[in-house]
Amino acid sequence: MNGTAVEDAKRTVVILFGGRSSEHGISCVTAAGVLNAIDRERFDVILVGITPDGATVLMSESDLADYQLEAGNLPQVAANGTRVLWPASTATREISVIEADGSMRSLGEVDAVLPMLHGPYGEDGTIQGMLDLVNLPYVGSGVLGSALCMDKHVVKTVLADAGIRVAPWRTITQSQLERDPSLASRVDEGLSYPLFVKPARAGSSVGVTRVTEPAGIPAALEIAFAEDRTVLVESGVTGREVEIAVLEGRGESAPRTSSVIGEIVFTGRDFYDFEAKYLGAAGVELALPADVTEAEFTEIRDAAVRAFEVTQCAGHSRIDFFLTAEGPVLNEINTLPGFTPISMYPRLWEESGMGYSELITELIELAVEKRPAY
């Protein structure tokens, strides 16, 4: 937008959360954290939830007031009879709601959508494609970057081709295994134990199993196939688990990274699973900032920026590495990283001098500035 008066005008932002994936509850808590921190002097907020079966409903702030992550009691977007309607065409950015009684009213023009979604049908390019169709600006990567980074097999193939080190892996599909059940006994060929068996398109460590011997592979495959029809079997990498935050540059500037990295320190847990990430389970500590040399930080930062650009990411990403004696090995690119106030991505920026509220503002302004992408 041009002109100081327009730039200073209050923007309207949709916080979009929930969704059809197994990470629905995490998304709800993330949305509540963002709602509490967003700068209300700069932004008006419309809350749009997606129920587990895909209904898009209008939510109120009171609905999110009690959202918190508790073991066995994750929050969920409830069907309330409303339906949010996205713009009818690219000629408008007006969204509307059909109320439970069947009446319709306008919710006004929207400047940007802030997807706080995780997993399939939110982090994988599907929501991004829908928003692109009606030319609504949104925070984060576009269709290609989102879909690419969501698929662990494809993104590792692209990264390896670009000369970025990744862990050795093999991929197996459910249909392959059904045609040839003996594949389960051969899928570890050429790999090193412990293995990590994980769904190709899931996040938050959902469906991931650490396997220390061949006998554990069939059960691990069954758990992973419950989340996705394609599964990766990866060699375990000996190294420190470190993470860095990447933020798209303004204008034509290069991507920015946090000035520190974080480290996942294991004190009694085998890996950084769902319970440790979100439910405060014992056995894992976060070191912020991580104790690394300047040379190690530079190598991680440079690999992260290169990966961000190679995979055509936009907005923000948290990029996870194993720091080995031979240098960093990229583990995952998270295009919609955990974004609660205590999540690693905002904490990395806080350690770098950018607070949670300021980070939310920057992401929204990036979305408005950068869209449309084509």
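Use the structure listed above.
Only a predicted model underlies this, so the values are computations on that prediction, with no experimental measurement involved.

About the cut-offs
Residues numbered from 1 in each chain as written. Predicted model: local features only at pLDDT ≥ 70, side-chain atom pairs only at ≥ 80, totals over all residues. Heavy atoms only, no water. Helix = DSSP H or I, 4+ residues; strand = E, 2+ residues; numbered from the N terminus. Rg over C-alpha atoms; globule rule 2.2 N^0.38 Å. Buried < 20%, exposed > 50% of the residue type's maximum accessible area, 1.4 Å probe, protein only. Contact = heavy atoms within 4.5 Å. Areas by Shrake-Rupley, 256 points an atom, 1.4 Å probe, with all protein chains shown as cover. Lys, Arg positive; Asp, Glu negative; His and termini not counted. Charge placed at Lys NZ, Arg CZ, Asp CG, Glu CD. Core = buried A, V, L, I, M, F, W, Y, C linked by side-chain atoms within 4.5 Å. Pairing = 2+ DSSP bridges. Phe/Tyr/Trp six-rings, centres within 6.5 Å; stacked < 30°, edge-to-face > 60°. Lys NZ or Arg CZ within 6 Å of the ring centre and 35° of its normal. Axes fitted to C-alpha atoms, helices over the stretch in contact; angles between N-to-C directions. Parallel < 35°, antiparallel > 145°, perpendicular 65-115°, else oblique. Nonpolar A, V, L, I, M, F, W, Y, C, P; charged D, E, K, R; others polar.

Participant: I'd like a description of the overall build of the protein chain, backed by residues and values.
Facilitator: Scanning the protein chain from terminus to terminus reveals 12 helices and 17 strands. The C-alpha atoms of the protein chain give a radius of gyration of 21 Å, which matches the 21 Å a tight globule of 374 residues would have. Taken along its principal axes, the extent of the C-alpha atoms in the protein chain is 60 × 45 × 40 Å. For the protein chain, buried positions account for 54% of its 374 residues. By sequence separation, contacts in the protein chain at least 24 residues apart represent 64% of the contacts at least 6 residues apart. Carbon and sulfur atoms make up 48% of the accessible area of the protein chain, which amounts to about 16,100 Å² in all. Positive and negative side-chain charges in the protein chain, numbering 29 and 54 respectively, have mean positions lying 3 Å apart.

Participant: Break down the nonpolar core for me, with residues and values.
Facilitator: Within the largest apolar cluster, 42 residues are counted, with the highest numbers of intra-cluster contacts made by Ile15, Phe17, Leu64, Phe339 and Ile360. Put simply, the parts of the chain that give this core at least two residues each are strand 1 (11–18), helix 2 (24–37), strand 2 (43–50), strand 3 (56–59), strand 7 (112–115), strand 12 (240–247), helix 11 (344–351) and helix 12 (356–370). Here the element with the most residues in this core is helix 12; it accounts for 8 residues. Beyond its immediate stretch of four places on either side in the chain, Leu64 contacts Phe17, Ala31, Ala32, Leu35, Leu47 and Met59.

Participant: Outline the pairing of strand 14 (residues 262–266), supporting the account with residue identities and numerical values.
Facilitator: Across 3 bridges, strand 12 lies against strand 14 in antiparallel orientation. Opposite Glu243, over in strand 14, you have Gly262 as the bridge partner. Examined bridge by bridge, strand 14 and strand 15 (residues 284–287) share 4 bridges and lie antiparallel to one another. Directly across from Phe266, in strand 15, lies its bridge partner Val284.

Participant: Requested: an account of the packing of aromatic side chains, with residues and values cited.
Facilitator: What the rule picks out here adds up to 4 aromatic pairs. Where Phe17 meets Tyr67, the ring centres are 6.4 Å apart and the plane angle is 75 degrees; that geometry is what we call edge-to-face. In this pair, Phe17 is assigned in strand 1 and Tyr67 in the loop between helix 3 (61–64) and strand 4 (83–85), connecting sequence segments 50 residues apart. The same class applies to Phe17 as to Tyr67, namely buried. Aromatic side chains Phe339 and Tyr356 sit 5.6 Å apart centroid to centroid with 35 degrees between the ring planes, which places their arrangement in the tilted category. Of this pair, Phe339 sits in the loop between strand 17 (327–334) and helix 11 while Tyr356 sits in helix 12; the two residues are 17 residues apart in sequence, bridging distant segments of the chain. In this pair, the class of Phe339 matches that of Tyr356, namely buried. Chaining the aromatic ring pairs together yields one cluster made of Phe339, Tyr345, Trp349 and Tyr356. Taking the ring centre of Tyr121 as reference, the NZ or CZ of Arg20 above it sits at 3.9 Å.

Participant: Could you give an account of the packing of helix 2 against helix 12, with specific residues and numbers?
Facilitator: Where helix 2 meets helix 12, the closest approach of the two axes is 9 Å, and the angle between their N-to-C directions is 100 degrees. By the criterion of interaxial angle, the relationship of helix 2 to helix 12 is roughly perpendicular. Each of Thr30, Gly33, Val34 and Ala37 in helix 2 lies in contact with helix 12, whose residues at this interface are Tyr356, Ser357 and Ile360. When the residues that make up the contact of helix 2 with helix 12 are grouped by side-chain class, the tally is 4 nonpolar, 3 polar and no charged.

Participant: Please set out the pairing of strand 16 (residues 316–324) residue by residue, giving values where relevant.
Facilitator: Counted residue by residue, strand 16 has 9 buried out of 9 residues, so it is predominantly covered. In strand 16, alternate side chains face the same way, and those of His316, Arg318, Asp320, Phe322 and Thr324 on one face and Ser317, Ile319, Phe321 and Leu323 on the other are all buried. Here strand 12 pairs with strand 16 via 8 bridges, running antiparallel. Across the sheet, Ile244 pairs through a bridge with Ile319, a residue of strand 16.

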